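Structural features, examined
Read off the chains here:
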Amino acid sequence: GTVETMSPLETKMQEIFMRAFHLVSPPDLRTPFGLLGGTSVGAMRALHLIREEITEKMDIGLLFTNPSV
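In this text the structure is predicted, and so the values were computed from the model without any measurement. (Residues numbered from 1 in each chain as written. Predicted model: local features only at pLDDT ≥ 70, side-chain atom pairs only at ≥ 80, totals over all residues. Heavy atoms only, no water.)

1. Remarks on the overall build of the chain
Along the backbone of the chain there are three helices and zero strands. The helix and strand sequence of the chain, counted from the amino end, reads α-α-α. For the chain, the proportion of its 69 residues judged to be buried stands at 29%. Sequence-distant contacts, at least 24 apart, represent 49% of the contacts inside the chain between residues at least 6 apart. Accessible area for the chain stands at about 4,500 Å²; split by element, carbon and sulfur atoms hold 59% of it. (Helix = DSSP H or I, 4+ residues; strand = E, 2+ residues; numbered from the N terminus. Buried < 20%, exposed > 50% of the residue type's maximum accessible area, 1.4 Å probe, protein only. Contact = heavy atoms within 4.5 Å. Areas by Shrake-Rupley, 256 points an atom, 1.4 Å probe, with all protein chains shown as cover.)

2. Comments concerning helix H1 (residues 8-20)
With 13 residues, H1 should reach 18 Å at 1.5 Å per residue; the first-to-last C-alpha distance of 18 Å fits that figure. Every buried residue belonging to H1 is among Met13, Gln14, Ile16, Phe17 and Ala20, and all of these are buried. Relative to the axis of H1, the buried residues are bounded by an arc of 165° and lie together on one face. One or two positions beyond H1, positive phi appears at His22, with a value near 55°. (Expected span 1.5 Å × (residues − 1). Arc of directions from axis to C-beta.)

Any link to function would need more than the numbers given here.
Rendered as structure tokens:
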């Protein structure tokens, strides 16, 4: 398969999604978190991690508008 080059931000987001949604393997970048078994609780956890580790300006609406990495 083709290995897509990920930006540092995508790599970080993937790591956050794995932690927030308790995934055993990195999610496909195009998979919405709902399909990863993501719940609203998981989304809030992801949002918290994003705000802590990437940017405080992350908005919950943005996460639901763009639900994939």
